[in-house]
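Read off the chains here:
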Amino acid sequence: MIINIHNSWEPQLRKEFNKPYFKELNNFVVDEYKNYTCYPPEKDIFAAFNNCHFNDVKVVILGQDPYHGGGQANGLCFSVNEQQKQPPSLINILKEIKNDIGMTSATKGNLETWSKQGVLLLNTTLTVREHEPGSHQKQGWEIFTDFVIKMISESEHPTVFLLWGGMAKKKRHLIDNTANHILSCGHPSPLSANRGYWFGNRHFSKTNSLLQQEGKLPILW
């Protein structure tokens, strides 16, 4: 596995990369990419960490695993490459932004612009086999991303954590809510959104208000 990660993360993650579980995970991922079509492209597995540097993290959004259709996943949760059709969850995210802040998001589906403003778009599992959602879960990725969540929570900079849906909410115990901000709601998927658990959460304006309270620049959603 190509571990091309920005050097701002390297001091924090060096020991994690050398642990037995990560070496087993690495072997698993290498074997999967060799024998099956997997996503995202290997060069983009750690894109979340390359686009959003450690000291710049202001917001964390958690996803589950990458999109499993051809050409969609780019290493950032909920994000797709610009030429790709927007998946339903992403469509609902962009609808809520318009409803919340009264403006259409500038993004066309590729959320890299968010990432570069300090939004860590982190899937809890960083890889997946084509057309097999969840196929790379419970292989070690969750141990790694749990460590990342806890590490950010314990950093000296207060962070806004957006927990959308049941999976993300299960990570609440990793976050120090006395030093950070947690906003939670239902998942943006149609199943949840159509039941009234997504729309109206106003997480985007609330996040910006919290950032401004901390003396930080708001996110241009």
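Only a predicted model underlies this, so the values are computations on that prediction, with no experimental measurement involved. (Residues numbered from 1 in each chain as written. Predicted model: local features only at pLDDT ≥ 70, side-chain atom pairs only at ≥ 80, totals over all residues. Heavy atoms only, no water.)

**Student:** Would you explain unusual backbone geometry in this entry?
**Tutor:** Residues apart from glycine generally show negative phi values, whereas peptide bonds are mostly found in trans. Residue P40 is reached from Y39 by a cis peptide bond, and omega for that bond is -5°. One can find P40 in the loop between strand 1 (38-39) and helix 3 (47-51). Residues other than glycine seldom take positive phi values, yet H131 does so here, at roughly 60°. With respect to the helices and strands, H131 occurs in the loop between strand 4 (128-129) and helix 6 (141-153). Look at H131 and you get exposed, because its relative accessible area is 55%. In this structure, K138 is a non-glycine residue whose phi angle is positive, near 60°. Along the chain, K138 turns up in the loop between strand 4 and helix 6. Overall, K138 belongs to the exposed group, its relative accessible area being 75%. (Helix = DSSP H or I, 4+ residues; strand = E, 2+ residues; numbered from the N terminus. Buried < 20%, exposed > 50% of the residue type's maximum accessible area, 1.4 Å probe, protein only.)

**Student:** Please clarify how helix 9 (residues 203-213) should be interpreted in this entry.
**Tutor:** Given 3.6 residues to a turn, an α-helix orients residues that are three or four positions apart in the same direction. All of the buried residues in helix 9 are H203, F204, S205, T207, N208, L210 and L211. Residues of helix 9 that are buried in the fold lie against strand 2 (59-63), helix 4 (88-101), helix 5 (112-115), strand 5 (160-164) and strand 6 (181-185). Downstream of helix 9 by a residue or two, G215 has a phi angle that is positive, lying close to 80°. (Contact = heavy atoms within 4.5 Å.)

**Student:** What exactly am I supposed to notice about the sheet that holds strand 2 here?
**Tutor:** Sheet strands line up and pair through hydrogen bonds in the backbone, either parallel or antiparallel. Here we have four strands laid out as an open sheet, ordered 3-2-5-6, and parallel in their pairing. Of all strands in the sheet, those with a lone pairing partner are strand 3 (119-123) and strand 6, marking the two edges. With strand direction ignored, the average angle separating the axes of adjacent strands in the sheet is 20°. Where strand 5 meets strand 6, five bridges bridge the pair, whose relative direction is parallel. In the strand pairing of strand 6, L163 is matched with S184. Most of the contacts of helix 6 go to strand 3, to which it runs at about 155°, and overall it touches strand 2, strand 3 and strand 5. (Pairing = 2+ DSSP bridges. Axes fitted to C-alpha atoms, helices over the stretch in contact; angles between N-to-C directions.)

**Student:** Whenever I open this one, the packing of aromatic side chains confuses me. Can you help?
**Tutor:** The description of an aromatic ring pair uses the distance of the two centres, along with the angle that the planes make with each other. Evaluated as defined, the whole model comprises 19 aromatic pairs. Between F46 and W141 the ring centres are 6.0 Å apart and the planes differ by 65°, which places this aromatic pair in the edge-to-face class. Of this pair, F46 sits in the loop between strand 1 and helix 3 while W141 sits in helix 6, placing them 95 residues apart in sequence. For the pair shown, F46 and W141 are each scored as buried. Pairing W114 with F204 gives two aromatic rings, centres 6.2 Å apart and planes at 55°, and the pair type is tilted. Taken together, the positions of W114 in helix 5 and F204 in helix 9 put the pair 90 residues apart, joining distant regions of the chain. According to the relative accessible area criterion, W114 is buried, its value standing at 1%. In this structure F204 comes out as buried when scored by relative accessible area, which is 0%. By the ring-pair criterion, three or more aromatic residues cluster together here, those being W9, F17, Y21, F22, F46, F49, F54, W141 and F144. (Phe/Tyr/Trp six-rings, centres within 6.5 Å; stacked < 30°, edge-to-face > 60°.)

**Student:** Could you clarify how one ought to interpret the pattern of salt bridges in this entry?
**Tutor:** Taken as a whole and assessed by the stated rule, the structure comprises nine salt bridges. R202 serves as the salt-bridge partner of D100, at 3.2 Å between the closest nitrogen and oxygen. Taken together, the positions of D100 in helix 4 and R202 in the loop between helix 8 (190-193) and helix 9 put the pair 102 residues apart, joining distant regions of the chain. In this structure R202 comes out as partly exposed when scored by relative accessible area, which is 44%. (Salt bridge = Lys/Arg side-chain N within 4 Å of Asp/Glu carboxyl O.)

**Student:** Is there a simple way to think about the environment of V160 in this case?
**Tutor:** Relative to the helices and strands, V160 resides in strand 5. For V160, a relative accessible area of 1% gives the class buried. When the C-alpha positions of V160 and L210 are compared, they lie 7.6 Å apart, and in sequence the two are 50 residues distant. Sequence-distant contacts of V160, defined by excluding residues within four places in its chain, comprise K58, V59, V60, H181, L183, T207, L210 and L211.

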